[in-house]
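Spelled out from the first residue to the last, the chains are:
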Amino acid sequence: MSRRRVHHFALKRQLIQARCVNYFNSMTKLQLKGSWNEAKGKLKQKYAQLTDNDLAFAEGKDDELLGRLQQKLGRSKEELRREIENL
């Protein structure tokens, strides 16, 4: 196989890997529409038992937030992720 062809396949593999990483990152991070304060208010209206501490959100700490909500509400992280993203 020529060097040019090997290089082409290497670039193609890198592109596919980058797309997979981007897809995984988008699936593991909350995709919020609007501000977190607005979403937090809606969640507190729907679930009166939630406190400000339960809803504390720090950048890059999506899993911690979802874990707290999962414990408090008894729902799966995926259910909670979808609900938050649809607020």
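Refer to the preceding data block for the structure.
Note that the structure is a prediction, hence the values are computed from the model and not measured. (Residues numbered from 1 in each chain as written. Predicted model: local features only at pLDDT ≥ 70, side-chain atom pairs only at ≥ 80, totals over all residues. Heavy atoms only, no water.)

A.B. asks: Just to check I follow, could you spell out the overall build of the protein chain for this structure?
C.D. replies: For the protein chain, the helix and strand inventory stands at 4 helices and 0 strands. Listed N to C, the secondary structure of the protein chain is α-α-α-α in terms of helices and strands. Going through the 87 residues of the protein chain one by one, you find that 22% of them count as buried. The contacts in the protein chain between residues at least 6 apart in sequence include a share of 43% that link residues at least 24 apart. Split by element, the accessible area of the protein chain, about 6,700 Å² in all, is 51% carbon and sulfur. (Helix = DSSP H or I, 4+ residues; strand = E, 2+ residues; numbered from the N terminus. Buried < 20%, exposed > 50% of the residue type's maximum accessible area, 1.4 Å probe, protein only. Contact = heavy atoms within 4.5 Å. Areas by Shrake-Rupley, 256 points an atom, 1.4 Å probe, with all protein chains shown as cover.)

A.B. asks: I would appreciate a short explanation of the packing of aromatic side chains in the present structure.
C.D. replies: The description of an aromatic ring pair uses the distance of the two centres, along with the angle that the planes make with each other. Inspection of every chain in the model, using the stated rule, returns 1 aromatic pair. Ring geometry for Trp36 against Phe57: centres 5.2 Å apart, planes inclined by 40 degrees, an arrangement best described as tilted. Of this pair, Trp36 sits in helix α2 (residues 36–46) while Phe57 sits in the loop between α2 and α3 (62–73), and the two are 21 residues apart along the sequence. Overall, the relative accessible area of 26% leaves Phe57 in the partly exposed class. (Phe/Tyr/Trp six-rings, centres within 6.5 Å; stacked < 30°, edge-to-face > 60°.)

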